[in-house]
Amino acid sequence: MFTKEDIRQIESRGSSVASAQSQVETFRKGFPWMKIVAPATPGKGICVLSDEEAARAAEYYDSAEIAGKCKFVPASGAASRMFKDLFSGLDRLKAGEDIAEDSPAARFVAEIARFAFYDRELFGTPEDTAESRRKILSKTLTEDGLNYGAKPKGVLKFHRYPDGEVRTAFAEHLVEAQNYMRNPDGSANIVVTISPEHRQLFEDAFAEVKDKFEKRYGVRYNITFTYQDKATDTIAVDAQNRPFRTEDGRLLFRPAGHGALIYNLNGISEELVSIKNIDNVANERFLPVTAKYKKVLLGKAVELRDRIFGYLKELDAVTGEGMAQALPPYIPSLTQRYDERYMSPEVQNLCNDIENFLLNELCISMPYAGDCKTRVKNLREKLNRPIRVCGMVKNQGEPGGGPFIIAEKDGSTSLQILEGAQIDKSDSQAAAALAAATHFNPVDIVCCLHDYKGGSFDLLKYVDNEAGFISSKSYQGRELKALELPGLWNGSMSDWNTLFVEVPLETFNPVKVVLDLLRPAHQAE
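Residues numbered from 1 in each chain as written. Predicted model: local features only at pLDDT ≥ 70, side-chain atom pairs only at ≥ 80, totals over all residues. Heavy atoms only, no water.

Trainee: Would you mind going over the packing of aromatic side chains with me for this structure?
Mentor: Given two aromatic rings, one states the distance between the centres and the angle between the planes to describe the pair. Inspection of every chain in the model, using the stated rule, returns 16 aromatic pairs. Summarising the aromatic geometry, the rings of Tyr118 and Phe123 are spaced 5.9 Å apart at their centres and angled 20° between planes, so their arrangement reads as stacked. With respect to burial, Tyr118 and Phe123 carry one shared label: buried. When the centroid spacing of 5.7 Å and the interplanar angle of 75° are considered together, the rings of Phe170 and Phe202 count as edge-to-face. With Phe170 in helix 8 (residues 169-180) and Phe202 in helix 9 (residues 199-217), this pair connects stretches of sequence that are 32 residues apart. As far as the burial class goes, Phe170 and Phe202 line up, both buried. (Phe/Tyr/Trp six-rings, centres within 6.5 Å; stacked < 30°, edge-to-face > 60°. Buried < 20%, exposed > 50% of the residue type's maximum accessible area, 1.4 Å probe, protein only. Helix = DSSP H or I, 4+ residues; strand = E, 2+ residues; numbered from the N terminus.)

The structure is reproduced here in structure tokens:
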């Protein structure tokens, strides 16, 4: 399948021939569909808190002991998709055609003065002419002006304030971090995943506001820029599932999607991590509600951590975990005595409590265990995993994965965030569950990454490698298939303990297309 030159190319990327062969085989066999039991809904998979319960969760977070906090912001890639409609309009104008008055490009031109990046000297005053529209689109997208079509979202000017201050999306994340992710020493740790070619842009954006924000908010920022490892890129194939080759005969590798960021997340040493996409920010006047519910999620995560840790420590105490393994093999009577402890009413009552907790709080139904010792072992494995608490908003037709209860391979059930590509819409039960879904995932996630003994989990051990995606793409006009690793909040966190919590729609303000910046959350008033 691969030539000597192919092998050199593969290994030079930090990958292996075996990995490339496995990826090609995955294209051929595909990924299995997720077996959906039911959609996660309020009262059955989604926790809806009263005002009092939300306040208690936030207070729990404020008083909790935490071994370090960090904000994790996926910000790789250029904003080209954000400006797709504008590029289309510019191409028409360059070809001597005009654009329809109701098109996104025409609306953008008409509203140009409302965008934070508007500069009269650069753009001029909008006029109702094709030339004026061409100039404004060109100055926005190309090197002739702002070159926003080639820059990452994080460094784009998102918001303008009444006093004239203008902030990038990255700057707004800095403002958020000092509010709800501040450490006791006054620092705020932020890890931002970027592309190597964009590093200078982000460093410049940080330098522009660092001193001002640190003085204004009394904070000290610790910023880490990290890259998606090239070794996680996946090989592309053609329609016949053969390795796709460029015009010079070389193999084509593509970034494997946000699932590759599990490697970056795995390198974080802090215990508590908040994950939020770079484009999901709002004007600072929305910060009170944003911070309130982020603290609610943080509080629920720490509450869940403490309850799970309590069960694990209690299991250790009542079973004498670790003592039987330390016994010499020539004292079988003592070993038998410790094994018999698993059958005691104390242990079995605790197992009953844990099973009820898993089922009622996390929608985990446990499969039948043939004996008491296996029952304890299975429960311990379910408890001793990374934790995530995910904010869920009511479905308003926005793009995003949905929360579902699924059947696992071991016979248990669990809460998962599924994308449309993982759901077999020809299956009547799956289609019915999809139609009955009430919420979606805005990527507002809090993670606890330490185990009950204080060590860090190896997150790579909790990835479902059969939960990836195959998508159709193109390269220089030629069709190809691309392979994405299990998504960061999908299959990469498949084997985590998961809690879904409803949060207000006001906390979700993504900028997927440039016209989203005209929404109230991104305007001064």
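Trainee: Got a minute to help me understand helix 3 (residues 51-63) in this structure?
Mentor: Each turn of an α-helix holds 3.6 residues, which means side chains three or four residues apart point in the same direction. With 13 residues, helix 3 extends 19 Å between its outermost C-alpha atoms, agreeing within 8% with the 18 Å of an ideal straight helix rising 1.5 Å per residue. Of the positions making up helix 3, those classed as buried are Ala54, Ala57, Ala58 and Tyr61. The arc enclosing the buried residues of helix 3, seen along the axis, measures out at 95°, which places them on a common side. The outward face of helix 3, more than 90 degrees from its buried face, is lined by the exposed residues Glu52, Glu59, Asp62 and Ser63. Of the surrounding elements, those touching the buried residues of helix 3 are strand 4 (69-74), helix 8, strand 11 (272-276) and helix 11 (287-319). (Expected span 1.5 Å × (residues − 1). Arc of directions from axis to C-beta. Contact = heavy atoms within 4.5 Å.)

Trainee: Help me out: how do you make sense of the pattern of salt bridges in this one?
Mentor: Side-chain pairing between opposite charges can occur once the charged atoms of the two side chains come close. Counting across every chain of the model gives 38 salt bridges. In this structure, Asp516 and Arg519 form a salt bridge, with 3.4 Å as the shortest nitrogen-oxygen distance. By relative accessible area, which is 10% here, Asp516 ends up buried. The exposure class assigned to Arg519 is partly exposed, which follows from its relative accessible area of 37%. Residues joined by salt bridges that share partners form a network here, namely Glu165, Arg167, Glu172, Lys212, Arg216 and Glu284. (Salt bridge = Lys/Arg side-chain N within 4 Å of Asp/Glu carboxyl O.)

Trainee: Just to check I follow, could you spell out helix 4 (residues 84-94) for this structure?
Mentor: By the burial criterion, the buried members of helix 4 are Leu86, Gly89, Leu90 and Leu93. The arc that holds every buried residue of helix 4, seen down its axis, measures 100°, which confines them to one face. Packed against the buried residues of helix 4 are helix 5 (104-110) and helix 7 (130-141). Note on helix 4: the residue one or two positions beyond its end, Gly96, has a positive phi of about 90°.

Trainee: What is the right way to look at unusual backbone geometry in this model?
Mentor: Outside of glycine, negative phi angles account for most residues, and trans bonds account for most peptide bonds. Although it is not a glycine, Cys363 sits at a positive phi angle of roughly 60°. In this fold, Cys363 is placed in the loop between helix 14 (345-362) and helix 15 (372-383). Residue Cys363 is classed as buried on the basis of its relative accessible area of 10%.

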